[in-house]
Amino acid sequence: WRGQTSSYRGGGSATGQKLLGEFDVNAVAQLAIKQGTNELLLAKKDDLWRVAQRDNYPANFSEISSLLLKLKNLKVVQTEQVGPSQLPRLELAAGGPNAPTVVEFREAGGKAFKTLTLGKKHMQSGGPSSPMDEMGGGGGYPDGRYVQVSGAGDAVALISDPLNDVEPTAGRWLSKSFFKVEKPKTISVNFPETTNSWTLTRETESGEWKLAEAKPEEKLDSGKSASVTSPFTSPSLNDVALGLTPEQSGLDKPTVIKIATFDGFEYTVHVGAKTNDNFLLTVAVTGNLPKERPAVTDEKPEDKAKADKEFADKLKSQQEKLATETAFGKWTFQVASWTVEPLLKKRSELLEDKPAPAESGSSTNAPSEP
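Anyway, here's the lowdown on the structure attached to this text. (Residues numbered from 1 in each chain as written. Predicted model: local features only at pLDDT ≥ 70, side-chain atom pairs only at ≥ 80, totals over all residues. Heavy atoms only, no water.)

### Quick look at the overall build of the protein chain
On a plain count of helices and strands, the protein chain comes out with seven helices and 17 strands. Every one of the 370 residues in the protein chain was classed for burial, and the buried ones make up 42%. A separation of at least 24 residues holds for 66% of the contacts in the protein chain among residues at least 6 apart in sequence. When the accessible area of the protein chain is evaluated, it comes to approximately 20700 Å², of which 48% is carbon and sulfur surface. (Helix = DSSP H or I, 4+ residues; strand = E, 2+ residues; numbered from the N terminus. Buried < 20%, exposed > 50% of the residue type's maximum accessible area, 1.4 Å probe, protein only. Contact = heavy atoms within 4.5 Å. Areas by Shrake-Rupley, 256 points an atom, 1.4 Å probe, with all protein chains shown as cover.)

### What about the sheet that holds strand S14 (residues 255–261)?
Backbone hydrogen bonds are what pair the strands of a sheet, in a parallel or an antiparallel way. Here we have eight strands laid out as an open sheet, ordered S12-S11-S10-S14-S15-S16-S17-S13, and antiparallel in their pairing. Each end of this open sheet is capped by a strand with a single partner; those strands are strand S12 (210–211) and strand S13 (237–241). With four bridges connecting them, S13 and strand S17 (residues 332–336) associate as antiparallel partners. The partner of Ala-241 across the bridge, within S17, is Thr-332. Lying over the sheet, helix H6 (residues 301–326) contacts strand S15 (265–275) and strand S16 (278–287), oriented at roughly 30 degrees with respect to S15. (Pairing = 2+ DSSP bridges. Axes fitted to C-alpha atoms, helices over the stretch in contact; angles between N-to-C directions.)

### Side note on the packing of aromatic side chains
Using the criterion set out here, one finds 12 aromatic pairs in the structure. With 5.0 Å between their ring centres and 65 degrees between their planes, Phe-23 and Phe-105 make a pair best called edge-to-face. With Phe-23 in the segment before strand S1 (30–35) and Phe-105 in strand S6 (residues 101–106), this pair connects stretches of sequence that are 82 residues apart. Owing to a relative accessible area of 0%, Phe-105 belongs among the buried residues under this scheme. Three or more aromatic residues joined by ring pairs form one cluster here, namely Tyr-57, Phe-178, Phe-179, Phe-232, Phe-265, Tyr-267, Phe-328, Trp-331 and Phe-333. Positioned above the aromatic ring of Trp-173 is the side chain of Arg-172, whose terminal nitrogen or guanidinium carbon lies 4.5 Å from the ring centre. (Phe/Tyr/Trp six-rings, centres within 6.5 Å; stacked < 30°, edge-to-face > 60°. Lys NZ or Arg CZ within 6 Å of the ring centre and 35° of its normal.)

### Let's talk about the nonpolar core
Counting 68 residues, the largest nonpolar core has Leu-19, Phe-105, Leu-116, Trp-198 and Phe-333 as its most contacted members. What Phe-105 contacts, discounting residues up to four positions off in sequence, is Leu-20, Phe-23, Val-28, Gln-30, Leu-31, Leu-68, Leu-71, Lys-111, Ala-112, Phe-113, Lys-114 and Leu-116. Counting residues in each nonpolar core, the second largest holds seven residues, with Val-82, Leu-87, Leu-92 and Leu-158 among its members. (Core = buried A, V, L, I, M, F, W, Y, C linked by side-chain atoms within 4.5 Å.)

### Notes on the sheet that holds strand S7 (residues 112–124)
Strand order across the open sheet formed by nine strands is S4-S3-S2-S1-S6-S7-S8-S9-S5, with antiparallel pairing between neighbours. Pairing within the sheet leaves two strands with one partner each, and these edge strands are strand S4 (57–58) and strand S5 (76–81).

### Observations concerning the environment of Ile-64
Residue position: Ile-64 is located in helix H1 (residues 61–73). The class of Ile-64 is buried, set by a relative accessible area of 1%. Here the alpha-carbon distance between Ile-64 and Trp-49, two residues 15 residues apart in the chain, equals 8.6 Å. Ignoring sequence-local partners within four residues, the contact set of Ile-64 consists of Leu-42, Trp-49, Ala-59 and Trp-173.

By themselves, these figures tell us nothing about what the structure is for.
As structure tokens, this is what we get:
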């Protein structure tokens, strides 16, 4: 590599060949990613990819599938036989401050059948350079990486993808599919300090929201309440929290949000402490779904058949949604604060402002001083 005049010129016998050879992505049942003392295990369990370090929470299958297919088709740009003394410069030496990222492709039983070691990223500074020059630093942006594949001896390969996202950070591998509230009918927020609590209700999906048990002097401000009437339409899940006591998570004295929908779903969300830009929370979901379509008088047979099918399709979709969302009940989540904060308004913050009292003794008709 030392004599090359361009980042991606030159050779080795493996140039242009697939990095991992004949790689069967369907044989991968576990994917282990290690970097220093950090380790992440993605493993198939019950026909679903899961993140072991997050109590087997579902993993993002599309991310895993995309990575495996990318690696299957990744080709070698250059290769060179590199002795052990050169590996630290390429960040391919085990241990040390610049430990490589090691990716193990494992069978269902946990045995690794192929290992890929990711070293230093190749930097593109915008002009011709030598790969060996880039080993010592350089500016620009990463456009490749030095890697080793198990079974390839002392060969180090240069690839044209820096594989930036291959890291043992559990949060980024979690499935981001989360619960979603649709067509809310009642929304209750119960604070530890009960005077701050409130409930909003409406009779129809397009109906006006009203404050339940409103006192005579309390009038709901539709402008102020608008931000709380579409709760959790797209909650943003960032991570799963483990190993916290109720006191540490703030869930020993939670704010409790209860939402009932026109479709028969009921959500109970316990909100705990805020850490950085996330709230810790749990969610419990139940459902009372109608099993039969209400009868319609004098309904034509063809109309009945069509309506029955639409009802059956909707019921199946709702049952699947309920099964998916019920499963979230076993975990504590870190959820983006913007998802939760609009709902945490106190009762007084939803009401119309009271008119300011007139100042005593003042009069607009008082004579001016001479």
